[in-house]
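# Structural overview
Residue-level listing of the chains:
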Amino acid sequence: MNSRPQTTAPTPSIAQRRQFLGFLAAGVGTAALPGVVRAAANEEVRMAVLGAGGRGGGIAGAIDATDGAKLVMVADPDSNRAGSLAKKYDAKAVSDLRTVLDSDDVDAVAITTCNHWHCLAAIWAIEAGKDVYVEKPLSHSQWEGRQVVSAAQKHGRVVQLGTQQRSDPIQMQARRFLHDDKSLGEIQYVQANRLGPRGSIGRRDTPLTPPKGLDYNLWLGPAADEAIYRNSFHYDWHWDWNTGNGEMGNWGVHILDDVRNVAYQDKVSTPNRLICGGGRVGWDDAGDTPNVHFALFETEMFPTLIALSNLPPKPGAKGAWTAKGQMQLNAPGSGYAVVCEGGTYLGQRGSGNAYDADGKHIRKFKANVSTVPAHMKNFVDAVRSRDVSSLAAPIENGHHSTGWCNLANVAFRAGGAFDADQLTRVSDLPQWPALIDDMTAPLSGFGAGTGDLLSSPVLEHDPDAERFTGEHADLANSFLRRKYRPGFEVKPIAS
């Protein structure tokens with residue numbers, strides 16, 4: 001139970017694929033590879049889903065709908081969940097993901113576990129000779145995400161992040177519109193929003209008992225063995241730092257990945273300076289991630305702001321907060337605004353709209369694409385062709401997008417008493433103090449105020465070293481790597 005699984009002797013076809021990857025890792029182009037290896041393009045990719053919750057069910061359906069792929073195994077420490085999902089697809093159900101990794105009947109895995117398992121499961125799978133589709137966010141901490149990237153490079157595996165909007169054609173259409181055509185002029189800043197209400201997760205007086213049929217030790221894996229006081233075991237692990245990344249890593253990663261893609265053209269890996277504020281207010285529950293979170297990211301190109309809230313406009317009301325600030329147009333509640341000299345582009349999942357400087361609508365972006373199946377097909381096609389460059393969301397790119405969320409979470413966790421002056425004087429962008437006002441004004445309706453929030457110091461960050469620098473570096477860097485339970489450690493990997 002306490003060691004990384006070792007694979008058994010490979011079948012000839014798997015051995016041929018591994019031979020191919022040896023050439024790939026050495027930098028040999030596909031045209032120079034032995035012809036016998038290219039037969040892999042005609043083989044069916046046998047896949048397993050690791051994690052049989054709601055997301056696992058969706059990904060299983062996408063695998064089943066993808067030509068050239070077959071779901072053959074499902075793993076989940078909750079045996080009831082594993083059995084139920086596997087039965088739908090006539091697949092084999094197992095409790096321990098290491099059974100999957102030891103199997104020569106599996107070529108690739110889709111990791112849909114809790115967030116704290118993503119990196120360790122990906123690394124184990126890569127080392128076992130599997131290709132990997134891993135759900136967002138890639139990592140629970142920035143350091144462990146880099147180890148996945150290093151493992152993929154070292155072993156030459158095909159590894160894709162599940163940011164499925166990367167397989168939506170409108171992303172590239174918007175990039176061309178903004179950058180090639182320069183239809184709206186130079187970009188001034190971007191604001192990302194995730195303003196969507198959620199309910200309290202409750203607080204129990206006694207620790208929650210895990211469901212029957214669940215191997216709790218395996219479910220914990222890398223995470224600390226801590227008592228759970230929320231009401232529901234599954235899903236609400238998102239709002240516990242021990243196992244989740246909060247809303248910033250849950251939904252924020254999708255939107256910030258869109259921003260990196262469309263606005264930055266992936267030219268910026270992670271920010272070089274940031275500051276944030278936020279807190280968990282309005283609920284007296286067992287969660288410890290913020291339900292109000294706002295941050296300013298500075299880069300060598302232009303700044304990006306993010307506004308996040310899980311609260312309604314006031315207790316009992318429907319709808320979400322707004323954070324228009326001084327923008328001409330309100331960004332989508334789950335989307336972003338690219339504010340330019342000559343207008344604004346508003347992007348969100350599945351659509352985009354451009355407006356001129358007078359607020360007149362000038363173009364709509366829409367493509368009838370079901371992005372989850374399209375993203376899975378992109379992965380399966382890359383597995384069969386062995387062309388890593390064809391991936392829509394290659395793992396290092398996904399690592400960088402996840403990094404924005406990880407850094408925002410680090411800033412929150414390194415925060416202290418709310419300091420409005422420190423927050424506002426860090427930037428001369430008028431939208432930043434306006435956004436802070438929009439994010440703090442509704443607090444009074446929940447019996448709270450800025451005194452119930454935290455704010456971070458200004459954090460300087462070196463994107464190349466993936467470390468904080470400067471005055472507050474020691475505090476911030478302490479959150480870049482977690483402690484792991486024995487037997488479930490993520491270990492340093494040299495690429």
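What you see is a predicted model; the values in this text were computed from it and never measured.

### Section: the overall build of the protein chain
- Counting its secondary structure elements, the protein chain contains 15 helices and 18 strands.
- For 495 residues, the compact-globule estimate of 2.2 N^0.38 gives 23 Å, and the C-alpha radius of gyration of the protein chain, at 23 Å, lies within 12% of that figure.
- By its C-alpha atoms, the protein chain is 65 × 60 × 45 Å across when sized along the principal axes.
- In the protein chain, which comprises 495 residues, the share counted as buried stands at 58%.
- In the protein chain, of all internal contacts separated by at least 6 residues, the share reaching a separation of at least 24 is 72%.
- Entry remark: accessible area of the protein chain is about 18,900 Å², with carbon and sulfur atoms responsible for 47%.

### Points about the sheet that holds strand β2 (residues 69-75)
- Read from one edge to the other, the open sheet built from six strands follows the order β3-β2-β1-β4-β5-β6, with strand pairing classed as parallel. Among the strands making up the open sheet, the edge pair consists of β3 (92-94) and β6 (159-161). Pairs of neighbouring strands in the sheet enclose a mean axial angle of 20 degrees, with direction left out of account.
- Here helix α3 (residues 79-88) sits on the sheet in contact with β2 and β3, set at roughly 170 degrees to β3.

### A look at the pairing of strand β5 (residues 131-134)
- Here β5 shows two buried faces, one formed by Asp131 and Tyr133 and the other by Val132 and Val134.
- Sheet analysis places strand β4 (residues 108-111) next to β5, joined by four bridges and oriented parallel. When the sheet's bridge partners are listed, Ala108 is paired in β5 with Asp131.
- Bridge analysis of β5 against β6 gives three bridges, and the strand direction is parallel. Residue Tyr133 lies in a different strand from β6, and its bridge partner there is Gln160.
- Handedness of the β-α-β unit built from β5, helix α6 (residues 142-155) and β6 comes out right-handed.

### Topic: the pairing of β2
- In terms of residue burial, β2 counts as a mostly covered element, since six of its seven residues are buried.
- As paired elements, strand β1 (residues 45-50) and β2 share six bridges and run parallel to each other. If you follow Val49 over to β2, its bridge partner there is Val74.
- The parallel pair β1 and β2, bridged by helix α2 (residues 54-64), forms a crossover whose chirality is right-handed.

### Thoughts on the nonpolar core
- Counting residues in each nonpolar core, the largest one holds 44 residues, and the members touching the most others are Tyr336, Val338, Tyr345 and Phe468.
- Per-element tally for this core: the top contributor is helix α12 (residues 395-413), with seven residues.

### Notes on the pattern of salt bridges
- Counted by the stated rule, this structure contains 20 salt bridges.
- We note a salt bridge from Arg46 to Asp105, for which the minimum N-O separation is 4.0 Å. You can see Arg46 sitting in strand β1 and its partner Asp105 sitting in the loop between α4 (97-101) and β4, a full 59 residues away along the chain.
- On the basis of relative accessibility, which here comes to 22%, the residue Arg46 falls in the partly exposed class.
- Of the residues examined, Asp105 reaches a relative accessible area of 49% and is grouped as partly exposed.
- A salt bridge links Arg273 to Glu460, with the nearest nitrogen and oxygen atoms 3.1 Å apart.

### Details of helix α7 (residues 169-180)
- Between its first and last C-alpha, α7 extends 16 Å over twelve residues, near the 16 Å set by a 1.5 Å rise per residue.
- Three or more residues of α7 are buried, namely Ile170, Gln171, Ala174, Arg175, Phe177, Leu178 and His179. Seen end-on, α7 carries its buried residues on one side only, within an arc spanning 165 degrees.
- Tucked into the core, α7 has its buried residues touching β7 (187-195), α10 (252-262), β11 (334-340), β12 (343-348), β13 (351-356) and β14 (361-366).
- One or two steps after α7, the chain reaches Lys182, where phi turns positive at roughly 50 degrees.

### A short note on the confidence of the model for the protein chain
- Predicted confidence across the protein chain gives a mean pLDDT of 92, with 92% of residues reaching 70 or more.
- Contacts from residues 5-39, a stretch scored under 50 in pLDDT, to residues over four places away or in other chains number 54 contacts.

### Some remarks on the environment of Gln160
- Looking at where Gln160 falls in the secondary structure, it is placed in strand β6.
- For the pair Gln160 and Ala393, spaced 233 residues apart in sequence, the C-alpha to C-alpha distance is 5.5 Å.
- With residues up to four places along the chain from it excluded, the contact list for Gln160 reads Val132, Tyr133, Val134, His375, Asn378, Phe379, Leu391, Ala392, Ala393 and Pro394.
- Here the side chain of Gln160 touches Ala392 through a polar contact of 3.4 Å, landing on its backbone nitrogen.

### Quick word on unusual backbone geometry
- A cis amide bond links Lys136 to the next residue, Pro137, at an omega of -15 degrees.
- Relative to the assigned elements, Pro137 resides in the loop between β5 and α6.
- Positive phi is not limited to glycine here, since Lys182 has a value of about 50 degrees.
- One can find Lys182 in the loop between α7 and β7.

### Comments concerning the packing of α10 against α12
- The contact between α10 and α12 brings their axes to 9 Å, and the two run at 120 degrees. By the angle between their directions, the pair α10 and α12 is classed as oblique. In this structure, α10 meets α12 at a crossing whose hand is right-handed. In this structure, α10 contributes Gly252, Val253, Leu256, Asp257 and Arg260 to the contact, and α12 contributes Asn397, His400, Ser401, Thr402, Trp404 and Cys405.
- Grouping the amino acids of the contact of α10 with α12 by side-chain chemistry returns four nonpolar, five polar and two charged.

Rules and cut-offs
- Residues numbered from 1 in each chain as written.
- Predicted model: local features only at pLDDT ≥ 70, side-chain atom pairs only at ≥ 80, totals over all residues.
- Heavy atoms only, no water.
- Helix = DSSP H or I, 4+ residues; strand = E, 2+ residues; numbered from the N terminus.
- Rg over C-alpha atoms; globule rule 2.2 N^0.38 Å.
- Buried < 20%, exposed > 50% of the residue type's maximum accessible area, 1.4 Å probe, protein only.
- Contact = heavy atoms within 4.5 Å.
- Areas by Shrake-Rupley, 256 points an atom, 1.4 Å probe, with all protein chains shown as cover.
- Pairing = 2+ DSSP bridges.
- Axes fitted to C-alpha atoms, helices over the stretch in contact; angles between N-to-C directions.
- Right-handed = clockwise from strand over helix to strand, strands pointing away.
- Core = buried A, V, L, I, M, F, W, Y, C linked by side-chain atoms within 4.5 Å.
- Salt bridge = Lys/Arg side-chain N within 4 Å of Asp/Glu carboxyl O.
- Expected span 1.5 Å × (residues − 1).
- Arc of directions from axis to C-beta.
- pLDDT = per-residue confidence, 0-100.
- Polar contact = N/O pair within 3.5 Å; in protein donor to acceptor, adjacent residues only side chain to side chain.
- Parallel < 35°, antiparallel > 145°, perpendicular 65-115°, else oblique.
- Left-handed = near helix turned anticlockwise from the far one by under 90°.
- Nonpolar A, V, L, I, M, F, W, Y, C, P; charged D, E, K, R; others polar.

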